[in-house]
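Chains, contacts and geometry: an overview
Take a look at the letters that make up each chain.
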Amino acid sequence: MSVLQMIQERSHNTCELCTSTEGLSQYTIPPSLNENVANDVLVCKTCLDQIEGNVEMDTNHWRCLNDSMWSEHVAVQIMAWRMLQRMRGEGWPKDLLDMMYLDDEALALARATGEHEDEANKIIHRDVNGVILENGDSVVLIKDLKVKGSSMVAKQGAAVRNIRLDHENAEFIEGKVDGQQIVIITKYVKKT
């Protein structure tokens, strides 16, 4: 059974955040690189667009988190926590956050993207041109890079898709080059 089938079964084919049954898709919670049941949730298009920042946040839509934050599935709890953190200035999300409990491991994963940080304190990754990089972006190497600990050289012009950000250092991203997962310094990449 695939991961998608397992989360569809787990959620009864409804969005695990708002219970919508329209436009459902699998979402892997960053910074996870591999899809699995523990790191994935089933979300509707409305939730996904707001999670990824493709549309303006509709705080009324997220009142559904009052129920989904109590899910037995840690991945759903983490997404509820992150979305509540984004809206904590609204008042009611702060009240829900005060009631919510995540164990230490889940809380560490929930905080991995910096949702709980004030904008001034967030680590922002920028490419060589100063363009902001996000998880899942694609970049191109602007020079040949020797990969430490191996004989591999990542060639200039190599595309790196679906990057992951290092949430402790604004200068580092991770991605696959020639099938090998490597850490890349942001000043050597350009967003595509």
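Now for a description of the structure that goes with this document. Since the model is a prediction, treat every value here as computed from it, not as a measurement.

Reading the values: the criteria
The residue numbers shown here count from 1 along each chain, following its written sequence. A pLDDT threshold of at least 70 governs which residues receive local features in this predicted model, and a stricter bar of 80 or more applies before side-chain atom pairs are shown or counted, although totals over entire chains, interfaces and linings include all residues. Heavy atoms throughout the structure, all of them, feed into the side-chain values; hydrogens and water do not. In this description, a line fitted to the C-alpha atoms serves as the axis of each element, helices being fitted only across the stretch in contact, and the angle between N-to-C directions of two axes falls anywhere from 0 to 180 degrees. Secondary structure elements are defined from DSSP: runs of H or I of at least 4 residues count as helices, runs of E of at least 2 residues count as strands, and each element is numbered from the N terminus. Our angle categories are set so that under 35 degrees counts as roughly parallel, over 145 as roughly antiparallel, 65 to 115 as roughly perpendicular, and the remainder as oblique. Left-handed is the label given to a crossing in which the near helix is rotated counterclockwise from the far helix by less than a right angle, and right-handed is the label when the rotation is clockwise. Any two residues whose heavy atoms approach within 4.5 Å at even a single point are treated as in contact. In this analysis, strands are considered paired if DSSP registers two or more bridges between them. For this document, the term salt bridge refers to a Lys or Arg side-chain nitrogen within 4 Å of an Asp or Glu carboxyl oxygen. Working definition: with a 1.4 Å probe on protein chains only, accessible area under 20% of the residue-type maximum means buried, over 50% means exposed, and in between means partly exposed.

Some remarks on the packing of helix H4 (residues 74-86) against helix H6 (residues 104-111)
Put simply, H4 and H6 touch, their axes get as near as 9 Å, and they point 50 degrees apart. By the angle class used here, H4 and H6 are oblique. The two elements H4 and H6 meet at a crossing, and its hand is right-handed. Across from Val74, Ile78, Trp81 and Arg82 in H4, the residues of H6 making contact are Ala106, Leu107, Leu109, Ala110 and Arg111.

Some words on the sheet that holds strand S10 (residues 189-191)
The strand order S6-S3-S10 describes an open sheet built from three strands, whose pairing is antiparallel. Here the strands that pair on one side only, and so sit at the sheet edges, are strand S6 (159-160) and S10. Two elements, strand S3 (residues 139-141) and S6, share two bridges in a ladder whose sense is antiparallel. Pairing of Val139 across the sheet is with Val160, part of S6.

Structural notes on the pattern of salt bridges
Going through the model one piece at a time under the given rule, you end up with four salt bridges. For Arg10, the salt bridge goes to Glu16, with nearest N and O atoms at 2.8 Å. Note on Arg10: relative accessible area 18%, which makes it buried. Judged by relative accessible area, Glu16 falls into the buried class, the value being 11%. Measuring nitrogen to oxygen at the nearest pair gives 3.0 Å for the salt bridge that ties Lys45 to Asp49. Separated by four residues within a single helix, Lys45 and Asp49 lie in helix H2 (residues 45-51), roughly one turn from each other.

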